[in-house]
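So you can see what is in the structure, the chains are spelled out below.
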Amino acid sequence: MIPAAFDYTAPSTVDEAVRALAEAGEDAKVLAGGQSLLPVLRMRLAAPTTIVDLGKIAELRGVREDGNALVIGSMTTHYDVQRDHLVAEHAALLARATDTVADPQVRHRGTFGGAIAHADPAGDLLAPALALDAEMVIAGPGGRRTVAAAEFFQDFFTTSLAPDEILVEVRVPKHTGWRAHYEKFNRVAQAWSMVAVAVTVRADGDTIAEASIALTNMSSVPVRASSVEQALVGQAATAEAIRSAAAHAAEGTNPTPDGNADVEYRQELARVLTGRAVSAAMSG
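Below or above, wherever it landed, is the structure these notes cover. (Residues numbered from 1 in each chain as written. Predicted model: local features only at pLDDT ≥ 70, side-chain atom pairs only at ≥ 80, totals over all residues. Heavy atoms only, no water.)

### Concerning the sheet that holds strand β11 (residues 179-185)
Note the threshold: Only strands joined by at least two bridges in the DSSP assignment are considered to pair. What counts as a helix is a DSSP run of H or I of at least four residues, what counts as a strand is a run of E of at least two, and both are numbered from the N terminus. Contact criterion: two residues are considered in contact whenever any of their non-hydrogen atoms come within 4.5 Å of each other. Axes, fitted as lines to C-alpha atoms, cover a helix only where it is in contact. Angles between the N-to-C directions of the axes lie from 0 to 180 degrees.
Across the sheet, which stays open at both edges, the four strands sit in the order β11-β12-β13-β14 with antiparallel pairing between neighbours. Strands with a single pairing partner mark the edges of an open sheet, and in this sheet they are β11 and β14 (223-224). Along the sheet, helix α12 (residues 263-283) contacts β11, β12 (195-204) and β13 (207-216); its crossing angle with β12, the most-contacted strand, is approximately 30°.

### What about the pattern of salt bridges?
Cut-off, in case you're wondering: Any carboxyl oxygen of Asp or Glu that lies within 4 Å of a side-chain nitrogen of Lys or Arg is treated as forming a salt bridge with it. Think of it in three bands: residues with accessible area under 20% of the maximum for their type are buried, residues over 50% are exposed, and the middle band is partly exposed, with areas taken using a 1.4 Å probe on protein chains only.
Counted under the stated rule, the structure contains 11 salt bridges. The shortest N-O distance in the salt bridge between E169 and R64 comes to 3.6 Å. Of this pair, E169 sits in strand β10 (residues 166-173) while R64 sits in strand β4 (residues 63-66); the two residues are 105 residues apart in sequence, bridging distant segments of the chain. A salt bridge links R271 to E268; the nearest nitrogen and oxygen atoms lie 3.1 Å apart. With a gap of three residues between them, R271 and E268 both fall in helix α12, about one helical turn apart. A relative accessible area of 28% means that R271 is categorised as partly exposed. Take E268: its relative accessible area is 39%, and that puts it in the partly exposed class.

### Things to note about the sheet that holds β4
The strand order β4-β5-β10-β6-β7 describes an open sheet built from five strands, whose pairing is antiparallel. Looking at strand neighbours, the two that pair on one side only are β4 and β7 (143-148), the edges of this open sheet. Strand-to-strand twist in this sheet, taken as the mean axis angle between neighbours without regard to direction, amounts to 25°. The pairing of strand β6 (residues 135-140) with β10 spans five bridges and is antiparallel. When the sheet's bridge partners are listed, M136 is paired in β10 with V170. The sheet contacts of helix α1 (residues 14-24) involve β6, β7 and β10, and relative to β10 the element is tilted by about 130°.

### So, the packing of aromatic side chains
What counts, and what does not: For this analysis, a ring pair means two rings from Phe, Tyr or Trp (six-membered ring only for Trp) whose centres lie within 6.5 Å, classed as stacked if their planes differ by under 30 degrees, edge-to-face if by over 60, and tilted for the remaining angles.
Under the definition given, this model contains one aromatic pair. Their ring planes at 80° and their centres at 5.3 Å tell us that F152 and F153 sit as a pair that is edge-to-face. Under the relative-accessibility criterion, F152 is labelled buried at 0%.

Here it is in C-alpha cells:
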C-alpha cells in the first residue's frame, strides 16, 4: 500500500527537531531508523501529518564514556552498538542482546534509541536497558530531562516521551567485568521474542555477588525479576542454586496471551530461560 500524504522535515540539530515537533502538533511522528514506522505507514495503520526525520542530526550518533557511564546516542545503529568496544567492555549485556535483533539488514538500519522509544514489549533492548539501570535523556521545549528506565516504559508502545520530545541519548552505568547473557525464545529465527531474559551478574569467584535480571514480553513493559536477583546474591553458582532461584522468575509478571502462547506457558518459559541465562552468564 501507499502511505497517506504527509509533510516531511529533516532538521540538523536537536533544537530544530524539537521545534518541528512542537509546530506539527500531536499528529507528528519521529523517524529514526524506520524499521518499525515505515511498515506501519505503508499499511496505513498510522497517518501522521508530519514526519520529523532525525537522520541528519550528528549529535545523536555514537558511543562515548562519561565518567562511570556509557552514553549511547539515540540514532546509533544496532550494528554499531553490537560492535562497539566500549559497549563490549562496560555493558556486555547490550552487545549480547543486540546480537539477537532481527537480521543484519535491520541491524544496519535500525537504531538503538528508536527501538527503546518504540517500546514494543517483545523488543530485545528494553529488558537489557532496565537490567542495566539505564537512564533516558529527553529533549523538549522546556530543555532536557533524565528518566530512569523503570519509569520510562509505561505501557504497550507507550513511554514517558511527550509528543514534542525526542530521546537524545541513553546513559548506561558501567558494568565493567560483569558477566552477561541474553536468552531468547522464539518460534522461528529472527522473530520477536515470545519470552527472553536479560541477565548480568558480578561474580566473586564462583559466588554471585550481584545480579540484575529483567524479562522481555512478560508484561506490557519490561520487568525486573527481583525475587530471582535476591535469591541469587551470595549463592555459589551451582545448578541447584540457580534452578531454585529461577523458580521465582514469573512472580509479579502479567504476560499477555496470544496465538503463540498462553499465560502459563510464558511463565514456565520465564523460569526455564532464566535458569539457562544465569548459567550461561556464569560460565561465559
